[in-house]
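Listed here are the chains, written in short residue letters.
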Amino acid sequence: MQETPKNRKIIHVDMDAFYASVEQLDNPELRGKPVAVGGGSERGVVSAASYEARKFGVRSAMAGALARKLCPDLIFVKTRFDRYREISGQIREVFHEYTDLVEPLSLDEAYLDVTENKKGNPSATLIAKEIRAKIKERTGLNASAGISINKFIAKVASDVNKPNGQKTVNPEEVLPFLEALDIRKFYGVGKVTAEKMYQLGIFTGNDLKGKSLEFLQEKFGKSGNHYYNVVRGIHLSEVKPHRIRKSLGAERTFSENISSEIFMLERLENIAEEIERRLKKSNVAGKTVTLKIKYSDFTLKTRSKTLQYYIRSKEVIYETAKELLYQEKMENSVRLLGITLANLNTEDKREKPAEKKEIAVQLKFEF
């Protein structure tokens, strides 16, 4: 027997070029100019790019050297996370004026469930418009929003009218919207998956919808279930105000490649110390240590070990990472080292999810 879902009105708010916009806000001389946050050193990586920089192809996670080549006039500024967190706090205060069902994804984006809201406003579209106006009034920054029946569609919709816009996908518009959508626009479909889908003749949501569940499971494993459901507008994940942290880590990119294991151990000790500080601040511990190694040719390797007990001390984290480092011979000089602690004790506190049932019908309701 199939079940009809509870009607939801979900808003996904996404700040426009957040870090770069904050820098342009605080420094008027940067306004209207191509700005990249981070990545200024020879080995640096761009954390964020203004829309003026994006016109030249500059993107987050891009090597600073490549960004400078694409945009010779690019202005690099240092990251200021304290400032970003400060403004993020102001933005979340706006969210909570409308609902306590707020699920932050990062400093600059969040899901809001406004099905029942503090303003008693039946229109999620008007609420999103009010929220964006208040954010602009209080911070001077622009936000975009997506509004629909679930988190997946709201997330996709928030990107449609960026920057400084919003898109509502009403219940009766969900299936046509998804069917016409380029497969690359589906949240969670990365470059590699998109290429694989292209090879299978899947270019749009309609193409994806034409594939059977068995076909998608065969080609994409467990993700096949997800693709089968979301293209039909089925996504049961609720907005969770208190997201459970699943891992905690830190990494360092070096100004020069390192080939000496002695130098690598020094860096790992520093990273372990930083992780210990974050663990204590968050009051969590974990069992699984993962060592991340990026070689000078950009080849990425990870090695993990799960302990029998929870740890948070830098000494144990460091010794485990050291053991993983010596597990295999170095293939090349190293440009980046990172340590992640997962299998955290926060996961023991999670409630068991209710049994999920497939949904065949989406009810219409006022948006």
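Below: a short report on this structure.

Parameters and conventions
- Residues numbered from 1 in each chain as written.
- Predicted model: local features only at pLDDT ≥ 70, side-chain atom pairs only at ≥ 80, totals over all residues.
- Heavy atoms only, no water.
- Pairing = 2+ DSSP bridges.
- Helix = DSSP H or I, 4+ residues; strand = E, 2+ residues; numbered from the N terminus.
- Axes fitted to C-alpha atoms, helices over the stretch in contact; angles between N-to-C directions.
- Contact = heavy atoms within 4.5 Å.
- Left-handed = near helix turned anticlockwise from the far one by under 90°.
- Nonpolar A, V, L, I, M, F, W, Y, C, P; charged D, E, K, R; others polar.
- Expected span 1.5 Å × (residues − 1).
- Buried < 20%, exposed > 50% of the residue type's maximum accessible area, 1.4 Å probe, protein only.
- Arc of directions from axis to C-beta.
- Core = buried A, V, L, I, M, F, W, Y, C linked by side-chain atoms within 4.5 Å.
- Parallel < 35°, antiparallel > 145°, perpendicular 65-115°, else oblique.
- Salt bridge = Lys/Arg side-chain N within 4 Å of Asp/Glu carboxyl O.

### So, the sheet that holds strand β12 (residues 334-344)
Strands sit in the order β9-β12-β10-β11 across an open sheet of 4 strands; the sheet is antiparallel. Of all strands in the sheet, those with a lone pairing partner are β9 (247-258) and β11 (300-311), marking the two edges. Neighbour-to-neighbour, the strand axes of the sheet open up by a mean angle of 15°, direction not taken into account. Taken together, the 8 bridges between strand β10 (residues 286-295) and β11 define a ladder with antiparallel strand orientation. Pairing of lysine 292 across the sheet is with threonine 302, part of β11. Against the sheet, helix α12 (residues 261-282) makes contact with β9, β10, β11 and β12, and its axis sits at roughly 155° relative to β9, the strand it touches most. Packed on one face of the sheet, helix α13 (residues 314-325) meets β10, β11 and β12 and runs near 140° to β11.

### Side note on the pairing of strand β2 (residues 35-38)
Both β2 and strand β4 (residues 75-77) contribute to a ladder of 3 bridges, which runs parallel. Counterpart to alanine 36 in the pairing with β4 is phenylalanine 76. Where β2 lies against strand β3 (residues 46-49), 3 bridges are found, and the strand directions are antiparallel. Along β3, the bridge assignment pairs glycine 38 with valine 46.

### A look at the sheet that holds strand β7 (residues 143-148)
Across the sheet, 5 strands lie side by side as β5-β6-β1-β7-β8; this open sheet has mixed pairing. What marks the edges here is a single partner per strand, and that holds for β5 (102-106) and β8 (166-168). Averaged over neighbouring strand pairs, the angle between their axes works out to 15° when direction is ignored. Across 4 bridges, β5 lies against strand β6 (residues 109-113) in antiparallel orientation. Residue serine 106 lies in a different strand from β6, and its bridge partner there is glutamate 109.

### Remarks on the packing of helix α4 (residues 81-96) against helix α5 (residues 124-139)
Their axes nearest at 10 Å, the elements α4 and α5 cross at an angle of 145°. Helix-helix and strand crossings are classified by hand; for α4 and α5 the assignment is right-handed. Of the residues in α5, those touching α4 at Ile87, Gln90, Ile91, Val94 and Phe95 are Ile131, Lys134, Ile135, Arg138 and Thr139. Classifying every residue of the contact of α4 with α5 gives 6 nonpolar, 2 polar and 2 charged.

### Observations concerning α5
Relative to the 22 Å expected for 16 residues at 1.5 Å per residue, α5 spans 22 Å between its end C-alpha atoms, a close match to the ideal helical length. By the burial criterion, the buried members of α5 are Ala124, Ile127, Ala128, Ile131, Arg132, Ile135 and Thr139. Considered in projection along α5, the buried side chains sweep an arc of 135° and stay on one side of the axis. Structural note: α5 exposes Lys129 and Glu137 on the side pointing more than 90 degrees away from its buried face. Summarising the contacts, the buried residues of α5 are in contact with β1 (10-15), α1 (18-26), α4, β6, β7 and β8. Once α5 ends, the next one or two residues include glycine 140, with phi positive near 80°.

### Here we look at the nonpolar core
Among the nonpolar cores identified, the biggest contains 31 residues, and Ile11, Val13, Phe18, Phe95, Leu112, Ile131 and Ile135 are the most heavily contacted of them. Elements represented by at least two residues in this core include exactly β1, α1, β2, α4, β6, α5 and β7. Counting residues in each nonpolar core, the second largest holds 29 residues, with Met264, Ile275, Tyr295 and Leu324 among its members.

### Examining the packing of α12 against α13
It is the contact of α12 with α13, at a shortest axis distance of 8 Å, that shows an interaxial angle of 140°. Relative to α13, the element α12 lies oblique. Every pair of crossing elements has a handedness; the one defined by α12 and α13 is right-handed. Facing α12, whose interface residues are Met264, Leu265, Leu268, Glu269, Ala272, Glu273, Ile275, Glu276 and Leu279, α13 presents Lys314, Glu315, Ile317, Tyr318, Ala321, Lys322 and Leu325.

### Quick word on the pattern of salt bridges
Taken as a whole and judged by the stated rule, the model has 22 salt bridges. One salt bridge connects glutamate 109 with lysine 155, and the closest N-O pair in it is separated by 2.6 Å. Residue glutamate 109 is located in strand β6, and its partner lysine 155 is located in helix α6 (residues 151-157); the two are separated by 46 residues in the primary sequence. Accessibility expressed as a relative area gives 14% for lysine 155, which makes it buried. As a salt-bridge pair, glutamate 276 and lysine 280 come within 3.8 Å of each other at their nearest N and O atoms.

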